[in-house]
Amino acid sequence: MITILAMAATAAIIVCFTYALGMYLEGRASLGEPHADATNLFFVFLIPCLNEDRVIGATLDRLGDLAADSSLILVVDDGSDDQTAAVVASRANERVMLLRRQLPEAQQGKGAALNAALEYLASLDVLRGRSSEDVIICLMDADGRLDSSAPEAVGHYFEDPGVGGVQLAVRIGNREEGLLPRLQDLEFVCYSELFQRCRSLHGFAGLGGNGQFTRLSALRSLGSRPWSPSTLTEDLDLGVRLVLSGWRTLYTNAAEVHQQGLKSVKALGRQRSRWFQGLLQCWHLIPQVARKTSGRVRLDMLHMLLTPVLIFAAFLMTMSFVVAPVERLIKSNLDTGGFGLNSLVAWYLLTFFPALLFAIAYRRISGIGRLRSFAIGHAFVLYGLLWIVAGSVAVWRVLAGRGGWLKTERLKEWPYSRPAPAIRERTGDAAASSDWELDWQPASKGETNG
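Residues numbered from 1 in each chain as written. Predicted model: local features only at pLDDT ≥ 70, side-chain atom pairs only at ≥ 80, totals over all residues. Heavy atoms only, no water.

1. Remarks on the overall build of the protein chain
Then comes step 1: Across its full length, the protein chain carries 15 helices and 8 strands.
Then comes step 2: In the protein chain, buried positions account for 53% of the 450 residues.
Then comes step 3: Considering only contacts in the protein chain between residues 6 or more positions apart, those separated by 24 or more positions represent 82%.
Then comes step 4: Just so you have it, the protein chain exposes about 19700 Å², and 60% of that area is on carbon and sulfur atoms. (Helix = DSSP H or I, 4+ residues; strand = E, 2+ residues; numbered from the N terminus. Buried < 20%, exposed > 50% of the residue type's maximum accessible area, 1.4 Å probe, protein only. Contact = heavy atoms within 4.5 Å. Areas by Shrake-Rupley, 256 points an atom, 1.4 Å probe, with all protein chains shown as cover.)

Okay, here's the thing in structure tokens:
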């Protein structure tokens, strides 16, 4: 029975891997030329916070350096019990605003906080007289660091009235601080290079919770409360519903947003468990995807929503690759006293061939050496097994009816000194590494990272 399941999983993963490889090759094409300069857009940088006093100050300073007359920064303090509100209040001005939510309304999920912020924005004088088509909401994490070229990089695409959202490339800012942050960086890069680039060509790029730019009129087309308060991955849920409503969502790597990478396996597992559970919660959208979409968009959306199934199928395949050579080795030693080199090579290629693809994609983006990228690619194959543990926890939480937010603590932060320089311009497929300067330090000994 196990052998049959492993064979079925292997066949499924080979098909999905071939599909992913096709997406990668297709995504190597141009992301498309932007439209004319967007000079009439107004940007609102929206930052939901819950106990973020370690990082929010430097984030506001960074955004303040990007700020122009056509932008606003709104921080939503969702019932924090630390100094988040005080840190924001110390930087408040006509362009930096603080919305404080108190219990019991607060801490009802990130989606609820974002919906409250959207309602608050409607009451501001600064937006009166502006068309909702020209107001762009940039959703940021409290630890996000946005390239200075980001508004210009995404603004061009919003000149197309059919574009509802644009997602920036996400990078791990402290990727030089250890193998775990480096693998998280590779994870984001490979996701963007293997999937986001190709999906963007078809008008469906996944939206994330950091560096997500969304047209206000697109948000309002989903109702007065566009973000789902009951979904742990409200960003994924929003992006799918935008496409189902007829909007196009795009991806660009012309600019990046940087965030903290976790340095604790426990904290990383909690975060990935939340993401996995959020994917499961979005399965209620599958019937709508099947009815309202067609062709490549349908395939890509189903491929993304069914990621939990593919993760467990990949695990069964990996285990079969581990068990089969051991069984063959024992049998061959008993029968003939040897183990064929061909079998060993076949096992290696089936298990670690994706590492080659990961290494190629990551080296082109990060600029690290061939040998190092190759080694990191191999480590990433093993790193992927973390999703099995996280997924198992997520399934248990779903079955137990537990949907609470698994909050991730931030690392301590260096005092913010000066604005980071803008990312170097990217040309064609060459993606230059950022000149962004790290301003985080690890948590002191004895502290947890989440």
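2. Points about helix α6 (residues 179–201)
Then comes step 1: For α6, which comprises 23 residues, the first-to-last C-alpha distance of 32 Å matches the rise-based estimate of 33 Å (1.5 Å per residue) to within 8%.
Then comes step 2: Ser-192 marks where α6 bends most, by close to 40°.
Then comes step 3: Counting buried residues in α6 gives 20 out of 23 residues, a clear majority hidden from the surface.
Then comes step 4: Directly beyond the C-terminal end of α6, a positive phi value near 80° is found at Gly-203. (Expected span 1.5 Å × (residues − 1). Bend = angle between axes of the 7 residues up to and from the residue.)

3. Focus: empty space enclosed by the protein
Then comes step 1: Under the definition given, this model contains 2 cavities of 30 Å³ or more.
Then comes step 2: A volume near 70 Å³ is recorded for the largest cavity.
Then comes step 3: In this structure, the largest cavity is lined by 11 residues; those nearest its centre are Ala-169, Ser-192, Glu-193, Tyr-251 and Ile-365.
Then comes step 4: If you list the elements that add at least two residues to the lining of the largest cavity, you get β6 (163–172), α6 and β8 (248–259).
Then comes step 5: Residue classes in the lining of the largest cavity are distributed as 5 nonpolar, 2 polar and 4 charged.
Then comes step 6: Forming the boundary of the second largest cavity are Ile-172, Gln-184, Phe-188, Gln-259, Gln-260, Gln-271, Arg-272 and Trp-275.
Then comes step 7: Those elements that place two or more of their residues in the lining of the second largest cavity are α6 and α9 (265–281).
Then comes step 8: For the lining of the second largest cavity, the leading source of residues is α9, giving 3 residues.
Then comes step 9: Within the lining of the second largest cavity, the residues separate by chemical class into 3 nonpolar, 4 polar and 1 charged. (1 Å grid on protein atoms, 1.4 Å probe; cavity = no way out; pocket = protein on both sides within 12 Å on 5 of 7 lines; lining within 4 Å. Points joined across faces, edges and corners; volume = space filled by probe spheres on them. Nonpolar A, V, L, I, M, F, W, Y, C, P; charged D, E, K, R; others polar.)

4. A closer look at the nonpolar core
Note that soluble globular proteins tend to have their nonpolar side chains buried in a common cluster.
Then comes step 1: With 35 residues, the main nonpolar core has Ile-47, Leu-146 and Phe-213 as its most contacted residues.
Then comes step 2: Only β1 (42–49), α2 (56–66), β2 (71–78), α3 (84–89), β4 (135–139), α5 (150–155), β6 and β8 provide two or more residues apiece to this core.
Then comes step 3: Top contributing element to this core by residue count: β6, with 5 residues.
Then comes step 4: Not counting the four nearest positions on each side in its chain, Phe-213 is found in contact with Phe-43, Ile-136, Ile-137, Cys-138, Leu-146, Ala-150, Val-154, Phe-158, Gly-164, Gly-165, Val-166 and Leu-168.
Then comes step 5: By size, the runner-up hydrophobic cluster in this structure holds 27 residues, among which are Leu-74, Ile-137, Ala-218 and Leu-219. (Core = buried A, V, L, I, M, F, W, Y, C linked by side-chain atoms within 4.5 Å.)

5. Re the packing of α6 against helix α14 (residues 370–383)
Then comes step 1: At a closest axis distance of 10 Å, the pairing of α6 and α14 adopts a crossing angle of 85°. Classified by the interaxial angle, the pair formed by α6 and α14 is roughly perpendicular. Counted together, Leu-180, Arg-182, Leu-183, Gln-184, Leu-186 and Glu-187 of α6 and Arg-372, Ile-376, Gly-377, Ala-379, Phe-380 and Tyr-383 of α14 form the full contact between these two elements.
Then comes step 2: Looking at the contact of α6 with α14 residue by residue, the class counts come to 7 nonpolar, 2 polar and 3 charged. (Axes fitted to C-alpha atoms, helices over the stretch in contact; angles between N-to-C directions. Parallel < 35°, antiparallel > 145°, perpendicular 65-115°, else oblique.)

6. Looking at the environment of Phe-188
Then comes step 1: Tracing the chain through its elements places Phe-188 in helix α6.
Then comes step 2: Since its relative accessible area comes to 16%, Phe-188 is described here as buried.
Then comes step 3: For the pair formed by Phe-188 and Tyr-362, sequence separation is 174 residues and the distance between their alpha carbons is 9.7 Å.

7. Considerations on the sheet that holds strand β5 (residues 145–146)
Then comes step 1: Within the open sheet, the 8 strands sit side by side as β3-β2-β1-β4-β7-β6-β8-β5. Their pairing is mixed. Edge strands, defined here as strands with exactly one partner in the open sheet, are β3 (96–101) and β5. (Pairing = 2+ DSSP bridges.)

8. Considerations on the packing of α9 against helix α15 (residues 386–399)
Then comes step 1: As a packed pair, α9 and α15 sit with axes 8 Å apart at the nearest point and diverge in direction by 55°. If you check the angle between α9 and α15, you find them oblique. Judged by the twist between their axes, the crossing of α9 over α15 is right-handed. Residue-level contacts link Val-265, Leu-268, Gly-269, Arg-272, Ser-273, Trp-275, Phe-276, Gln-277 and Leu-280 of α9 to Leu-386, Trp-387, Ala-390, Gly-391, Val-393, Ala-394, Val-395, Arg-397 and Val-398 of α15.
Then comes step 2: In terms of residue class, the contact of α9 with α15 is built from 12 nonpolar, 4 polar and 2 charged. (Left-handed = near helix turned anticlockwise from the far one by under 90°.)

9. A closer look at unusual backbone geometry
Then comes step 1: Leu-103 connects to Pro-104 through a cis peptide bond whose omega is 10°.
Then comes step 2: Residue position: Pro-104 is located in the loop between β3 and α4 (110–121).
Then comes step 3: Unlike most non-glycine residues, Asn-51 shows phi in positive territory, near 55°.
Then comes step 4: With respect to the helices and strands, the residue Asn-51 is situated in the loop between β1 and α2.
Then comes step 5: Positive phi is not limited to glycine here, since Gln-107 has a value of about 60°.
Then comes step 6: By the element assignment, Gln-107 lies in the loop between β3 and α4.

10. Let's talk about the pattern of salt bridges
If charged atoms from side chains of opposite charge come close, those side chains can pair.
Then comes step 1: Here the structure, examined in full by the defined rule, presents 18 salt bridges.
Then comes step 2: Measuring nitrogen to oxygen at the nearest pair gives 2.8 Å for the salt bridge that ties Arg-101 to Asp-78. One end of the pair, Arg-101, is in strand β3; the other, Asp-78, is in strand β2, with 23 residues separating them in the sequence.
Then comes step 3: A relative accessible area of 14% places Arg-101 in the buried class.
Then comes step 4: For the salt bridge of Lys-263 with Glu-177, the shortest nitrogen-to-oxygen distance reads 3.4 Å. Note that Lys-263 is positioned in the loop between β8 and α9 and Glu-177 in the loop between β6 and α6, a separation of 86 residues in sequence.
Then comes step 5: Overall, Lys-263 belongs to the partly exposed group, its relative accessible area being 28%.
Then comes step 6: Overall, the relative accessible area of 25% leaves Glu-177 in the partly exposed class. (Salt bridge = Lys/Arg side-chain N within 4 Å of Asp/Glu carboxyl O.)

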